[in-house]
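Examining the three-dimensional arrangement
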Amino acid sequence: MKLIILDRDGVINHDSDHFIKSPDEWEPIPGSLEAIARLHQAGYRVVVCTNQSGIARGLFNIVTLNAIHQKMHAAVRMVGGEINAIFFCPHAADDNCDCRKPKPGMLQSIGERFDVSLKGVPTIGDSLRDLQAGFVVGCTPYLVLTGKGEKTRTKGGLPPGTSIYPNLAAVVDQLLKSTADVPAAA
Ligand SMILES: [Mg+2]
Ligand SMILES: [Zn+2]
């Protein structure tokens, strides 16, 4: 089973320093939904893994988060894709939970839910903590330059083996190309 783990804000949709607090504020980055559709059609399970501390801060509640995710699911389905699961951390940084990235708790839960090894699973993010969380559990980190990605690249300190791509669509181009490059068994 092929699995891929995506951060949400700054990877699938435009990020905001003021948080995404309503379905109206959730706007896809051009090409990201179609990229998810191509992954789905290539047999990938697509899982979203996202820190949503706006809940702990009282900026929005779980009902609103669900409504935002309904909009995301519907937008992906409209172009022939599917997001198979969404894992989120609702906590603030000082809650000291195990799930908020860069802690690997959400990724470990994803591995358990899908009953797969996380080794080599592509994890895509625009922030250092996305890549750190993935690296710790053996995922292959990809930095995209959408969202906070340019800032993240400038700051440096990326985990070893991080690949850098302009956006999610470019990562998916590469992943599907390298799959197609594998010679068929005789
Ligand atoms: Mg992000
Ligand atoms: Zn958490």
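Since the structure is predicted, the reported quantities are computational estimates derived from the model, not experimental observations. (Residues numbered from 1 in each chain as written. Chains lettered and ligands numbered in written order. Predicted model: local features only at pLDDT ≥ 70, side-chain atom pairs only at ≥ 80, totals over all residues.)

With respect to the nonpolar core
Residues Ile4, Ile5, Leu6, Val46, Leu107 and Leu168 are the most contacted members of the largest nonpolar core, which totals 44 residues. When contributions to this core are tallied by element, the ones reaching two or more residues are strand E1 (2-6), helix H1 (32-41), strand E2 (44-51), helix H2 (62-78), helix H3 (105-114), helix H4 (128-136), strand E5 (140-144) and helix H6 (168-181). Discounting residues that sit within four places of it in the chain, isoleucine 5 has contacts with Val47, Cys49, Leu107, Ile110, Val121, Thr123, Gly134 and Cys139. (Core = buried A, V, L, I, M, F, W, Y, C linked by C-beta atoms within 7 Å. Buried ≥ 20, exposed ≤ 12 C-beta atoms within 10 Å, placed from the backbone. Helix = DSSP H or I, 4+ residues; strand = E, 2+ residues; numbered from the N terminus. Contact = placed C-beta atoms within 7 Å.)

Considerations on the UniProt feature "site: Contributes to substrate recognition" (unreviewed entry) in the chain
As recorded in UniProt, the feature "site: Contributes to substrate recognition" (unreviewed entry) lies at Arg100. By secondary structure assignment, the location of arginine 100 is in the loop between strand E3 (85-89) and H3. (UniProt positions renumbered as here; feature names shortened; annotations may be inferred.)

Here's the deal with the UniProt feature "binding site: Mg(2+)" (unreviewed entry) in the chain
Listed under "binding site: Mg(2+)" (unreviewed entry) in the UniProt record, and renumbered for this structure, are Asp7, Asp9 and Asp126. The greatest C-alpha distance among the annotated residues, which extend across 120 residues, is 8.2 Å, indicating that they converge on a single site. Relative to the helices and strands, aspartate 9 is located in the loop between E1 and H1. When near neighbours in sequence (up to four residues on either side) are disregarded, aspartate 9 contacts Asp15, Ile20, Thr50 and Gly147. By secondary structure assignment, the location of aspartate 126 is in the loop between strand E4 (122-125) and H4.

Quick notes on H3
The α-helix winds at 3.6 residues per turn, so residues separated by three or four positions along the chain end up facing the same way. Within the sequence span of H3, burial applies to Met106, Leu107, Ile110 and Gly111. Buried residues of H3, viewed axially, fall in a sector of 145°; they line one side. Turning to H3, the residues buried within the fold contact E1, E2, E3 and H4. Backbone geometry just after H3 places aspartate 115 at a positive phi near 55°. (Arc of directions from axis to C-beta.)

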